[in-house]
Structure formats: structure tokens, C-alpha cells
Amino acid sequence: AEEASKCSKSDSALQWLKCGIPCPVDFPMEVGDLVWQGVAVIIFMGISLVIGVVTFFKVRGDSSNYFVAGRNLPTWILVATLGMQCLDASASLGNLDLAYKYHFWDGAALPLGLALSLIMMGVFFAKPMNEMNLLTLPDAFARFYGEGAEVVCSLVTLISFTFLLAGNLVGCGKIVSFLFGMDQYAGIMISTFLIWVYASSGGLLSVAYTDVVQGAIGWTGFIIATAWIQNSMPNHAGVSAAYPVGDQTAYGEGVADADSYEPVPNAVFFNWVTVIVLAFGNCMALDFHARCFSAKNGNAARMGCIIAGIVAGTIGIANTFNAGTTRALYGPSSPHAEFVANSCSAHITVIGCFGGAAADPSLNKTCNAVPLPGVPTCGEWKPDPYANLKMLTCSKPECHFFADFDGSGGYAAGTEDYFPMNAFLGGWYLLGIVAASMSTADGAIVAMGTVFSHNLLRKTGKISQTNLLPFARASTLLFSVIAGLIAMTRPNETGYFLIVAFDCVFAAGVVPLFALVYWKGIKPEAGFLSLVVGAVVRIILEFVLPKDGLLLWFGSFARSFGPGIEDPEMFDEAIMFGKLAEVCPQEALLDMTGLDSLVSPAVSLVVLVLVQLLPIKGWGGKWFTPVPQVDAHSEEKREVVIVP
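Quantities reported herein were computed from a predicted structural model and do not represent experimental measurements.

1. Structural notes on the overall build of the chain
- A tally of helices and strands in the chain yields 26 helices and 6 strands.
- Within the chain, buried positions represent 57% of all 644 residues.
- Counted over contacts in the chain with a minimum sequence separation of 6, partners at least 24 positions apart contribute 82%.
- A total of about 24,300 Å² of accessible surface is found on the chain, and carbon and sulfur atoms cover 67% of it.

Printed below as a string of C-alpha cells:
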């Protein structure tokens, strides 16, 4: 009872009373200890705001400056701005959160997929798309498939980028709220406002300039801080009851073996789907294409994409290893671990006092902790949603206790010590995450405002070249507010919205995008139907396929936790006679999330090929007649012909 009284949460108290697991150790840092890091973040955001406002005057009302930065960006700026778009909050904080909660590849799948997408952009699309002299990606669909495809492409990409923006607002808002001890929703609102102001002021020109500054600070912070963390702190959890094989030895096996983390399940299918979705889906990214359009020539766009993909991918994957440090210091074998008391498992072994010993106070006084094959209660670990931020900011001498019992954690057997974070490097790393979040969020805001005003509003006849820019700036506020509200629905899930964003465009747009570039004479009807059918199939499969929300399909350990076993004698007998599986029923999990992501573009491809090859008469008319290319220097003709 004395130990339980130290616990701040009901589950924490129960994990001692029912399971004999000590209460989680309190985080030793107070809000006042983090003020200087919070101030640094706000100053950094303020500098970006000033740069954006300054570029407002450089734009001078010229829409080409606002939308495509004057079409004269050199390769080195493209590398910075494309790389920062790639390495967003999901690839710099979301990857850490996922790798901490599950394992390395759950997090590394994000930067790996994003990096591959930039390389694919460079190989397949950057040069030909740049040479088309486009303003937006939907313009390409209009040029080859007609205005119907242009509108559908605009709607799909706007939905996609609303979720992308939401994911980055979550990342930035999470840091702001953590450092200042404020409500997480307030952090999202503050981040939304500041990013919107500077992004809407200067458009892509302000985004490009701020990306250079953000990249210089963010990338160097990631590299230097990661090197220090990997050399000065535990970089993986060793062998223990919580990690039967240890973290380090499971890196290779985790790529393809669903049972590699025994007895913890491995979402290996979903991880591979994540890589595929991000690699192909980002080829439909509005912000990537906008930067390719803004390059001074096609070769600069191509090299910018390839170099940025290699650099950003390397940094993002290297950063993911830091989640091993967080798992070692805040994982289920750490002093900070918290468990769901009312949960049993026939597979997971936890060292502690169980059964009759745990139920009898007199026995607890002399109980020797022993490992048991299965646990009656406290089988489910509760990850700390702020664990990675705590790892990066806890700098007091009493921070980060770590014990290596047998040397499998990288230290001498029997090592027990504290490993506080370097305060300056931790703050620098946080600035890198904020920079990553802001750089992608601002690009998303500008891209959505451009597409909405240029590809949709102009069709109403109320928008012309003279008032296009004010409407574009005004529309950015609409999408910023919508994305902020979406972000507030999942304020702690930093990687979730990224996958949703590019799942949308992978299903509908990637196949017709490849076709318009590489299939000479592609029919407008083929592109349009491929686009629509892919989207419709994805929506249908979302509701038809079995999904339980846990993303597990394969593996022997893809099972739910059972209800806690309250009767200690029942548990003793179950262990003695091998009947634990009977008293702790664990249902097999079945979540086919990811299959819908692969089937939809496959159906889109089949539709495109069939319509293209079969003797189907063209529909004609305004909506299905390709819009011809016109003289790039004729703004009046471009307004009339490209977007009638």
C-alpha cells in the first residue's frame, strides 16, 4: 500500500497491488526546467515568420513568384527544400514514436518510404514535369485527360494534403505543448497560426527561403545529436523479461519475420505496405511537384530530387535508431514502465511476484521475484506518448536510470547508471523536429491554396489572373483551419496522418500519372476512369475488409490480451498444469489494413489498360478533351486555355 500511494495513476497503483511491479518513476523535469528550450523553439518559429513576411514584398503580386518561385531555383536550394519536405514531422518524430511503441522497422518505414519517393520522382518525373511548364500537378491531368480528370485530381490531392498538414501540425503542436506545459490542443492552434502566416505571405518563395534556414539548423541538429546519443547513452534494450531476444539482435529479422520479436507481434505486412504507399504515393505529392516546377531546368529538378532523397532518407533512418534509446530508458523493462492491470497474456513473461504470493501481503514481504511463462495481470504495456520528448529533454543527473543485467544492453554485465541527455543537443534536436514539421506544413498550405484557387475556383468564372493571388492566399486559411481541427482528433499520433495522406493518392492518381508521362497517345477516358475507379475501390475496401485497428495480420503472436485473472489460485493451477491459455483466452487478431492500399492501384491499372486498348469511343466535350499546351509567356492565353 505504501508503494501504491506513490503512484499517480490508478493503473500504476494496481500494477503494484495486483502484479508486484513497482510504480513508474516520475519524470524528474518540471515545466520550468524546459523554459529555455521552449523559448528557443518560439524564437525559431518567429524567425521563419519574419522571413515569410519579408518575402511578401519580394513576391510583389506576381503569381509566378508566389506559386513556383519564379521558376529559377538552383539545385542546392531544391535539395534543401525537397529534403525538408521529405523529412517532415512524421519522419523525424512519428518514426521515433512508432519505433518506441513497437520496433525499429515500424518507425524506419516512414523515412525509407519518403526517401524512395524522392528518388523515384527524380528518376521518372522531375525532368519531364518541369519541361511541361505547369503551375500545379492537376494541370498535367488537364493537359492529357481533360478538365474532368483535373477536377478529380484536385479534390483527391486536396484531401491528401489536408491530412499531411494535420500530421505535421500534430508534431509541431506536441512539442510546443510539452515544453510549455500547455494543453495539446493549444499547442496545435499556436503552431497552425504561425505556420499559416508566413506560408501564406510569400508562397513558395517564402517556403524555399525558410527551408534553407530550417534545413541548415534541423539537419545538423539531427546528425550531431544522433551521433552523441548513440555513443553516450544506451542505444537499445538488452535481454530481459520484456525483451526475450533484446532489441539489437532483432533488427535484421524484423524486416520479414512476423515472429521475430517473440512473444511480441510484428506488423511486418503493414510495414512493407507503408514503404510502398509512401514511395509511390508521394509521386503525387503537390509540394514535390511544385518544387520541380520551380527549378530553373529539368536537370536541376532531377538532381535535386535524387540528392534530397538520399540525404533526407539517410538522416531519417539514422534518427530512427534513437528510438532504441527511448525503449531502453522508457520501455517496458525501464523504471518508467506502466502496465494495464486488467490484462493477461499466455506468452509474455514478466519478472515479479504473482499468484498466491502477490495476493498475500505477508508473502510479499519476503517474495523473491521469479520469471513465469505467462502473466495473470499487467500483460499489456502502456507506451508513454511523450517518451521521446522526455528522452531528449531530461538532463538532470537523476535522469535515465539504466540497468544492464547480462551485458546484452551494450555495457558490462551488472551495470547500473544514469544517462542524462545533453541539454543543448536535446534542444537542438527538438529544433530539428520543429523545422521538419514547419517546412512540410508550409509547403502543404501553399500547395493547397494554389490548387484550390487555380484548378477549382477559376472554373467558376469569378477568378482571373488579376485576382488569383489574393484568392489563393485567402484559401490557405481555410485549409489550415480544417487541418488543425483534424490534427486535434489525434493529437498524439504523429505518424498516422502521413500514411492516410498518401494512401489516398496512391490508390487513385499514381497509375494515370505514370501513363500521362510515359504512354504516348493515352486516352482521356482511360486516365479519368483509372483515377475515379481507384478512388472508389479504395473507399469500398476501407469498409469491407476486416479491420480491428491493431494492424496485425500474420504471425503466431497476433493475439489480443485477455482479461486479468483475479483468482491467484486459478493462476497457480494454470501454470502448474499448463492450462494458462484456457484461463487467459486471447483472441486471434485480423486486420487487413494495407491490402486495400495495394488492391486499389492494381484495379486502377487494369481499368486504364482495358479502356486504352478496347475500341471504346471517346466521350469528347469540355470535360474529356485534353487542354493543349500554350506559350508559357502568354499569361492571357494560359489563363484561357490551361484552366478555362
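2. Some remarks on the packing of helix 11 (residues 268-281) against helix 25 (residues 595-613)
- Running from N to C, helix 11 and helix 25 point in directions that differ by 40 degrees, and their axes come no closer than 9 Å. With respect to each other, helix 11 and helix 25 are oriented oblique. Contacts from Phe-269, Val-273, Ile-276 and Val-277 in helix 11 reach Leu-595, Ser-597 and Leu-598 in helix 25.
- A breakdown of the residues in the contact of helix 11 with helix 25 according to their chemical character gives 6 nonpolar, 1 polar and no charged.

3. Quick look at unusual backbone geometry
- In this structure, Asn-133 takes a positive phi of about 55 degrees despite not being glycine.
- Along the polypeptide, Asn-133 turns up in the loop between helix 7 (104-131) and helix 8 (137-145).

4. Quick notes on helix 5 (residues 75-86)
- Across its 12 residues, helix 5 extends 16 Å between first and last C-alpha, which sits within 8% of the 16 Å expected from 1.5 Å per residue.
- Within helix 5, 10 of the 12 residues are buried, which leaves it mostly tucked inside the rest of the structure.
- Along helix 5, the positions that sit buried rather than exposed are Ile-77, Leu-78, Val-79, Ala-80, Thr-81, Leu-82, Gly-83, Met-84, Gln-85 and Cys-86.

5. Some points on helix 12 (residues 286-294)
- Buried residues dominate helix 12, accounting for 9 of its 9 residues.
- Buried within helix 12 we find Leu-286, Asp-287, Phe-288, His-289, Ala-290, Arg-291, Cys-292, Phe-293 and Ser-294.

6. Here's the deal with the state of the cysteines
- Within this structure, the stated rule accounts for 2 disulfides.
- Here Cys-344 pairs with Cys-584 through a disulfide, and the sulfurs are 1.9 Å apart. Torsion about the S-S bond of the Cys-344 and Cys-584 cystine: about 100 degrees, corresponding to right-handed handedness. Note that Cys-344 is positioned in the loop between strand 1 (339-340) and strand 2 (351-352) and Cys-584 in the loop between helix 24 (580-583) and helix 25, a separation of 240 residues in sequence.
- Taking the relative accessible area as the measure of exposure, Cys-584 reaches 1% and is therefore buried.
- The disulfide partner of Cys-394 is Cys-399, and the S-S distance across this bridge is 1.9 Å.

Rules behind the numbers
- Residues numbered from 1 in each chain as written.
- Predicted model: local features only at pLDDT ≥ 70, side-chain atom pairs only at ≥ 80, totals over all residues.
- Heavy atoms only, no water.
- Helix = DSSP H or I, 4+ residues; strand = E, 2+ residues; numbered from the N terminus.
- Buried < 20%, exposed > 50% of the residue type's maximum accessible area, 1.4 Å probe, protein only.
- Contact = heavy atoms within 4.5 Å.
- Areas by Shrake-Rupley, 256 points an atom, 1.4 Å probe, with all protein chains shown as cover.
- Axes fitted to C-alpha atoms, helices over the stretch in contact; angles between N-to-C directions.
- Parallel < 35°, antiparallel > 145°, perpendicular 65-115°, else oblique.
- Nonpolar A, V, L, I, M, F, W, Y, C, P; charged D, E, K, R; others polar.
- Expected span 1.5 Å × (residues − 1).
- Disulfide = S-S within 2.5 Å.

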